[in-house]
Amino acid sequence: MALHSPRGSGTPGNIDVVKVDPATGHPIRVLFHENTGDGVLYRSFASDPSTRFLILNAGPPEGVTHNGWIDHGRLVTLQPANGSSVFFETW
């Protein structure tokens with residue numbers, strides 16, 4: 001996962017989750033991309049217990065962050081879909 005917030009909060013930011021070849025370190029493909037529009041706030045990034053899904057909690061620095069799993073290039077949000085209250089989310 002790469003977070004791009006070149007000038008900190010208040011400037012455009014991007015979140016990229018990229019599959020990388022472990023032997024070469026070269027990117028294979030982008031699994032998820034989001035332009036936050038206003039910097040980046042990162043909370044967590046991990047796989048679920050089955051290791052089939054990547055779970056992401058990140059987003060813009062102000063307001064509600066996104067919390068969910070990555071599926072075919074999109075983020076499927078967890079209920080109640082408020083990444084700012086991650087302790088109340090369920091998987």
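The rules behind the values
- Residues numbered from 1 in each chain as written.
- Predicted model: local features only at pLDDT ≥ 70, side-chain atom pairs only at ≥ 80, totals over all residues.
- Heavy atoms only, no water.
- pLDDT = per-residue confidence, 0-100.
- Helix = DSSP H or I, 4+ residues; strand = E, 2+ residues; numbered from the N terminus.
- Patch = residues over 30% accessible without salt bridge, like charges linked within 9 Å, V, L, I, M, F, W, Y side chains within 5 Å.
- Areas by Shrake-Rupley, 256 points an atom, 1.4 Å probe, with all protein chains shown as cover.
- Salt bridge = Lys/Arg side-chain N within 4 Å of Asp/Glu carboxyl O.
- Pairing = 2+ DSSP bridges.
- Axes fitted to C-alpha atoms, helices over the stretch in contact; angles between N-to-C directions.
- Phe/Tyr/Trp six-rings, centres within 6.5 Å; stacked < 30°, edge-to-face > 60°.
- Buried < 20%, exposed > 50% of the residue type's maximum accessible area, 1.4 Å probe, protein only.
- Contact = heavy atoms within 4.5 Å.
- Core = buried A, V, L, I, M, F, W, Y, C linked by side-chain atoms within 4.5 Å.

This brings us to the confidence of the model for the chain. For the chain, mean pLDDT is 77; residues scoring 70 or higher make up 75% of the total. In the model of the chain, strand 1 (residues 2-4) stands out as the element of lowest mean pLDDT, 72, in contrast to strand 3 (residues 27-35), which has the highest, 89.

Together, Met1, Leu3 and Tyr42 line one region of the surface with nonpolar side chains, adding up to about 260 Å² of accessible area. Position of Met1 among the secondary structure elements: in the segment before strand 1.

In this section: the sheet that holds strand 5 (residues 54-59). A sheet is described by the order of its strands in space; here four strands give the open sequence 4-5-6-7, paired in antiparallel fashion. The sheet terminates laterally at strand 4 (41-47) and strand 7 (74-77), the two strands that pair on one side only. This sheet shows a mean twist of 30° between the axes of neighbouring strands, independent of strand direction. Note that strand 4 and strand 5 share six bridges and pair antiparallel. If you follow Tyr42 over to strand 5, its bridge partner there is Ala58.

Further remarks concern the packing of aromatic side chains. What the rule picks out here adds up to one aromatic pair. Taking 6.1 Å as the distance between ring centres and 70° as the angle between the ring planes, the aromatic pair formed by Phe53 and Trp69 counts as edge-to-face. Note that Phe53 is positioned in the loop between strand 4 and strand 5 and Trp69 in strand 6 (residues 66-71), a separation of 16 residues in sequence. The class of Trp69 is partly exposed, set by a relative accessible area of 23%.

Turning to the side chain of Glu34, a few remarks are in order. Turning to its location among the elements, Glu34 is positioned in strand 3. Taking the relative accessible area as the measure of exposure, Glu34 reaches 16% and is therefore buried. Excluding residues that lie within four positions of it along the chain, Glu34 makes contacts with Gly13, Asn14, Ile15 and His66.

Core analysis: the biggest nonpolar cluster contains nine residues, these being Ile15, Val17, Leu31, Phe32, Val40, Leu56, Ala58, Ile70 and Leu75. Secondary-structure elements contributing two or more residues to this core are strand 2 (14-20), strand 3 and strand 5. The contacts of Leu31, once residues within four sequence positions are left out, are Val17, Val18, Lys19, Leu54, Ile70 and Gly73.

Pairing of strand 2 with strand 3, which is carried by seven bridges, proceeds in the antiparallel orientation. Residue pairing across strands places Val17 opposite Phe32, the latter belonging to strand 3.

The next thing to look at is the environment of Asn57. Mapped onto the elements, Asn57 comes out in strand 5. Spatially, the C-alpha atoms of Asn57 and Ala46 are 9.2 Å apart, while their sequence positions differ by eleven residues.

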